[in-house]
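Take a look at the letters that make up each chain.
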Protein chains: 2
Amino acid sequence: MSEPTPAGPVAPSAAAAVRLRPLGVGQVRITGGLAGEWQRRTREVTVPTAVALVESTGTLRNLEIAAGEAEGEFQGMHFADSDVAKVLEAVAWQLAAHGPDDLHRTIDHLTGVLERAQRPDGYLNSWIQLTAPDGRYAGLVSSHELYCYGHLIQAAVALDRATGDARLLAVARRVADHVVAEFLRGGRRDLDGHPEIETALVELYRHTAERSYLDQASEFVERRGHGHAGQSDRGSVYLVDHEPVRTATTLNGHAVRALYLEAGVVDVAVETGDEELLTASIRRWEDTVAHKTALTGGHGSRHLFEAFGDRDELPPDQSYNETCAAVASIHWSWRLLLATGESRFADLVERTLYNTVAASTSVDGDRFFYVNPLQRRPDSTPPPKGGRRRPWFRCACCPPNGARLIGSLGHYAATTSGDGVQLHLFVPAVIDTGDGVRLTVATEYPDDGRIRVTVDRTPAEPWRLELRLPAWSAPGRTALTVAGTPAGVGPDERGYLIVDRAWRPGDVVELDLDVAPRLTYPHHRLDALRGTVAVERGPLVYCFEQVDQPAGVTLDDLALTAGATLTTHRESGLGLPGPVMVVDAAADVLAAPPRTGLPYGATHAAAPAVRARVTARAVPYHLWDNRDDGAMRVWLPRSPRRP
Amino acid sequence: MSEPTPAGPVAPSAAAAVRLRPLGVGQVRITGGLAGEWQRRTREVTVPTAVALVESTGTLRNLEIAAGEAEGEFQGMHFADSDVAKVLEAVAWQLAAHGPDDLHRTIDHLTGVLERAQRPDGYLNSWIQLTAPDGRYAGLVSSHELYCYGHLIQAAVALDRATGDARLLAVARRVADHVVAEFLRGGRRDLDGHPEIETALVELYRHTAERSYLDQASEFVERRGHGHAGQSDRGSVYLVDHEPVRTATTLNGHAVRALYLEAGVVDVAVETGDEELLTASIRRWEDTVAHKTALTGGHGSRHLFEAFGDRDELPPDQSYNETCAAVASIHWSWRLLLATGESRFADLVERTLYNTVAASTSVDGDRFFYVNPLQRRPDSTPPPKGGRRRPWFRCACCPPNGARLIGSLGHYAATTSGDGVQLHLFVPAVIDTGDGVRLTVATEYPDDGRIRVTVDRTPAEPWRLELRLPAWSAPGRTALTVAGTPAGVGPDERGYLIVDRAWRPGDVVELDLDVAPRLTYPHHRLDALRGTVAVERGPLVYCFEQVDQPAGVTLDDLALTAGATLTTHRESGLGLPGPVMVVDAAADVLAAPPRTGLPYGATHAAAPAVRARVTARAVPYHLWDNRDDGAMRVWLPRSPRRP
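Rules behind the numbers
- Residues numbered from 1 in each chain as written.
- Chains lettered and ligands numbered in written order.
- Predicted model: local features only at pLDDT ≥ 70, side-chain atom pairs only at ≥ 80, totals over all residues.
- Heavy atoms only, no water.
- Salt bridge = Lys/Arg side-chain N within 4 Å of Asp/Glu carboxyl O.
- Helix = DSSP H or I, 4+ residues; strand = E, 2+ residues; numbered from the N terminus.
- Pairing = 2+ DSSP bridges.
- Contact = heavy atoms within 4.5 Å.
- Axes fitted to C-alpha atoms, helices over the stretch in contact; angles between N-to-C directions.
- Expected span 1.5 Å × (residues − 1).
- Buried < 20%, exposed > 50% of the residue type's maximum accessible area, 1.4 Å probe, protein only.
- Phe/Tyr/Trp six-rings, centres within 6.5 Å; stacked < 30°, edge-to-face > 60°.
- Lys NZ or Arg CZ within 6 Å of the ring centre and 35° of its normal.
- Parallel < 35°, antiparallel > 145°, perpendicular 65-115°, else oblique.
- Left-handed = near helix turned anticlockwise from the far one by under 90°.
- Nonpolar A, V, L, I, M, F, W, Y, C, P; charged D, E, K, R; others polar.

- As named in an unreviewed UniProt entry, chain A is Glycoside hydrolase family 127 protein, taken from Jiangella ureilytica.

Below is the structure:
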């Protein structure tokens, strides 16, 4: 056995009730492919951009003023401290994934400011310190003080794990001790209007073994749903304080709040061995997947209050699908995967990552989506946070959130269990499990479905290699060969293909998934998608942008016949970096006569006329809005013409 | 000729470029029917409720404090003064429609408070006077000072016209003179963030012949769209200040603001004979009807910022369709009808009135909708202003808005022109045109399609009776008899059936419209309604409520086959007052297997199975939510089964 290796974002304690053990970010070194490109643009553009903006927008200056090192007034959103923390966490995982570079200067600078801004008793919040020093925790319903602590704690744990730099950890422990003194041992019974600290405190417990942090997280989780978050004119649902986590059956209210809370619920459940708590969260996950999840993995159907909608309320155009919600959803699903070992959770992680998270950043890494809809109409007048990607946001929660996830992406690719290694994400990588197994994964996934796993190093005793079989790749259209010999493709009850043997260095396992393009239909209860069809390929949702359609064809007139022929090939010259695997589909062009009077009638569109047949072109959804502001659709109408 | 009779809400000047001349509220006395019932519940319940609440909620007290007659702090929304004005206007039209009663005491009381609250220079706004006396017009982007003036002016004109009580008119003139001194003659170039005063100032000009009021209204209209409304974090679109009214081609932003502005635009256009301005407004009306109007006439597709959506963005579930927007839309369409004499404008007035406005108040008259969606899902978690009807709202704009419209409903039923009388709304009434013609209209419309018009009094010389032929009643299914003799049913180029003759007292004209229930389909560009069908009957949109469906049948599983058989009959015992004309439809029940995993798949719902056939029941949309909080749909899915 090699010596212990640094942990990643999630490191359950030895006693935790989890089936799988995650690896550290440094243990899964991504060597290329799409995931490698995401890490490159994050490292080279997004993180430097975020660091520069945290300084130029006055966000860091707020803390410098609180530290007595600068003059001036508070600037930006009142929870801006959290941006500094998320940037630091992104920097930390960056370093773990790609080794030291000049980011250490950034760490020194930001950590120093945070150290000096902290009050002697551990309190730290520049907005309160600069604007209402006597108002500590007085407006928790909206002040986000504990929310900011959560991100600070996560950044501190990340820095210590990734770089061994424990300076911010000391700050975070003083913060956490202050919270425990006030909210656990002290008389306070209230809650932050925005969950986030719950999962952070559990991770701090895991990192320090200080039990009171877990107790505090548990207390916050149990208090939720009893009105302790205070009164908001947006209601207790917005605060996700309307129902206790043990009885709630569905997610409502602010999506990011609800999803961060669930990550904390699962963390508390596995560390305390609370089956009931875990089961309740899984029940909500199942309900959310069945009724409140976009094809892209997006969560939050409403712009108003950035909230979940009702069951089956999944509009493609006005859905919110906030980038932060996608990150939080991955945190939740990943924790459930560790607890249960079931592939359905990894399936959603992959869907959300390859579509919503991947789309949230421009191909150049310097523009960002806050909102991720599945449709944009021509000449759209989007709500304020909608529309095209922007260089930054006054509420800058999303860009650094994506960056911290991409920086730590290796952590989400593989796990170990007592008797095996599980491969969840198919990324080209070198994986060192830390207990004598080293694997090399070679693949052009998702462009290509072949994943080649070479065992470079292995103990003598047998162990199980477990490969996730994605739900979209039917066993009948999937091939598996072990050391050159075809093997059966029968997933176990958790959805993984098991190869159990005594390995020799150089052994090769090849998995060939079916990434042929496919048509996907919505359930008939999804009112906003009735009568439409989408195109998917492997883990990728595709979309139709106006710019890719034949000249003279308006996107909104395109319709696909059920069972339409789909072909795929690499295409260059689309105005996108590198060749793109496009999907071409035989499509009908519906007649669009001039519109007068109400758009309702006795025969109106009962069967719109087909005026032509063309080839419609789709590109991966994560590439949309990188060329112009034209119309886009994931879901195309189904043609009235019989196949 | 009889002596001039008091005018209604809209009274174009003699010089105005209008084709039709409206009648006063007292000239069209509604004698029963559905409209009579709306007036009854408004008179007996809504108005007394509104008066009591204006006093009990502190709204009137704000003005009493400003008048130095009470102590305390400002309560409620900062534009609460407008509620007092709207209630007064409702009271005024009430009196005109039904003669004097104890409402005069209310008028004395409220008018007196407003008189005494007004500053010597004419300024009047209790919020500014109590909270920021030095901040007059300093925050017009959101202060609503001119918006409140608008409602005050409309109430004052209504009181003088309806009752001859000119006390509030004196207050309103001082207010208007103050506005003119500040915003026309003074140096101010800014605008209220919320239009409303424009149409009010034109009406005050019409009532007083003071030209500066028209000039001020014209100035406000022309200034719009140049950024003079100030900066809002919701953007200039929200303020309807993003494009000048002469060039804008579609409505965006806050629906009520946009629609009140259009009423003012048309008023200015006809009083100044500005063809270009009128044409621009008509162009936007055509675009709005073709792309941004719900089947119920509702406007505003987004809860966020109560705004219009993009073209063809018409969700049935999350549409806002604010009650105030419906009232404002009727103001706009009515003014365009007067200007052009074209039935399409009256058609939309009727659709909006019989569906959105009618539904906004409970059958008991004491509960109100702020938001009027076309679908409610089971177990819905509606946004704050959505959900069930409420007894009142902190932002109480809607209930009194509906009341002032219903009180003055007679005004919208008929008009005169140089050579004829036009009947726009088919309500049982006695109509006195004021120039020697008296008609009695007898009908059970919309339950029944027959409208019987008796000429009680007539001059000797011939004149034209013009009857609107609704777009939904095809000439081939419509019958017209004049004095017992069948007549041709050919509408003129404006959409009216013309009966031109020398009349004798006792002459009877009978129009028989086709009110058989019909299936209505959405245009194929309406993404949110694709693959659905609705039921209409005459001017009424119908809806399916869970409570009316067969036992064991879930509303969301119902589907209609194209061309489904519809039958109609009067039904009692539905838990609604009086018998209701229901529509029964042969429907399929779609199978709903348990939901697991994502609601998307290779075959998912491409053709859901039909598990049974039942009779689904629809009731008029305006009666929904009067029994329980169950699911409701206007648009039902179309069955996959071929007819």
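Examining the pattern of salt bridges
- Per the stated rule, a full pass over the model turns up 108 salt bridges over all chains.
- With its nearest N and O atoms 2.7 Å apart, the salt bridge here joins D548 of chain B to R627 of chain B. With D548 of chain B in the loop between β16 (540-545) and β17 (558-560) and R627 of chain B in the loop between β21 (610-620) and β22 (632-633), this residue pair connects regions lying 79 residues apart in the sequence.
- Note that D588 of chain B is salt-bridged to R613 of chain B, the shortest N-O span being 4.0 Å. Of the two residues, D588 of chain B is situated in strand β19 (residues 580-590) and R613 of chain B in strand β21; the sequence distance between them amounts to 25 residues.
- When salt bridges that share partners are traced, they join R161, E203, R206, D267, E271 and R335 of chain A into one network.

Structural notes on the sheet that holds strand β12 (residues 496-501) of chain A
Residues and elements named next belong to chain A.
- Read across the open sheet, the five strands follow the order β1-β4-β5-β9-β12; overall the sheet is mixed. Every interior strand has two partners, whereas the edge strands, β1 (21-22) and β12, have only one.
- Bridge analysis of strand β4 (residues 414-417) against strand β5 (residues 420-423) gives four bridges, and the strand direction is antiparallel. Considered in β5, the bridge of T416 is made with V421.
- With respect to the sheet, helix α14 (residues 323-340) is in contact with β1, β4 and β12, its orientation differing from that of β4 by roughly 25°.

Remarks on helix α9 (residues 197-208) of chain B
All names here are of chain B.
- Counted at 1.5 Å a residue, the expected span for α9 with its twelve residues is 16 Å, and the 16 Å between its end C-alpha atoms agrees.
- In terms of burial, α9 is largely enclosed, as eleven of its twelve residues are buried.
- Taken as a whole, α9 has its buried residues at I197, E198, T199, A200, L201, V202, E203, L204, Y205, R206 and T208.
- Packed against the buried residues of α9 are α7 (145-163), α8 (167-184), α10 (211-223), α12 (255-272) and α14 (323-340).
- Looking one or two residues beyond α9, the residue adopting positive phi is A209, at roughly 65°.

Regarding the packing of aromatic side chains
- For the coordinates displayed, the defined rule picks out 38 aromatic pairs over all chains.
- Seen in terms of ring centroids, Y600 of chain A and W635 of chain B are 5.6 Å apart; in terms of plane orientation they differ by 35°. Their pairing is tilted. Of the two residues, Y600 of chain A is situated in strand β20 (residues 600-601) and W635 of chain B in strand β23 (residues 635-637); the pairing between them involves two chains.
- Through a chain of ring-to-ring contacts, three or more aromatic side chains come together here, namely Y123, Y137, Y149, F183 and F220 of chain A.
- Against the face of Y238 of chain A rests R234 of chain A, its NZ or CZ located 5.0 Å from the ring centre.
- The lysine or arginine in question, R501 of chain B, covers the ring of W503 of chain B, its NZ or CZ lying 5.3 Å from the ring centre.

A few points about the sheet that holds strand β2 (residues 28-30) of chain B
All names here are of chain B.
- If you trace the seven strands from one edge of the open sheet to the other, you get β2-β6-β7-β8-β13-β10-β11, paired in antiparallel fashion. Each end of this open sheet is capped by a strand with a single partner; those strands are β2 and β11 (485-487). Averaged over all pairs of adjacent strands, the angle between strand axes in this sheet comes to 20°, irrespective of strand direction.
- Examined bridge by bridge, strand β7 (residues 438-443) and strand β8 (residues 450-457) share six bridges and lie antiparallel to one another. In the strand pairing of β8, T443 is matched with I451.

Some remarks on the packing of helix α4 (residues 103-117) of chain A against helix α8 (residues 167-184) of chain A
All names here are of chain A.
- Look at α4 against α8: their axes get within 9 Å of each other, and the N-to-C directions meet at 25°. Taken together, the axes of α4 and α8 are roughly parallel relative to one another. For α4 against α8, the interelement crossing comes out left-handed. From α4, I107, D108, T111, L114 and E115 reach across to α8, where they touch R167, L168 and V171.
- Its residues placed into classes, the contact of α4 with α8 shows four nonpolar, one polar and three charged.

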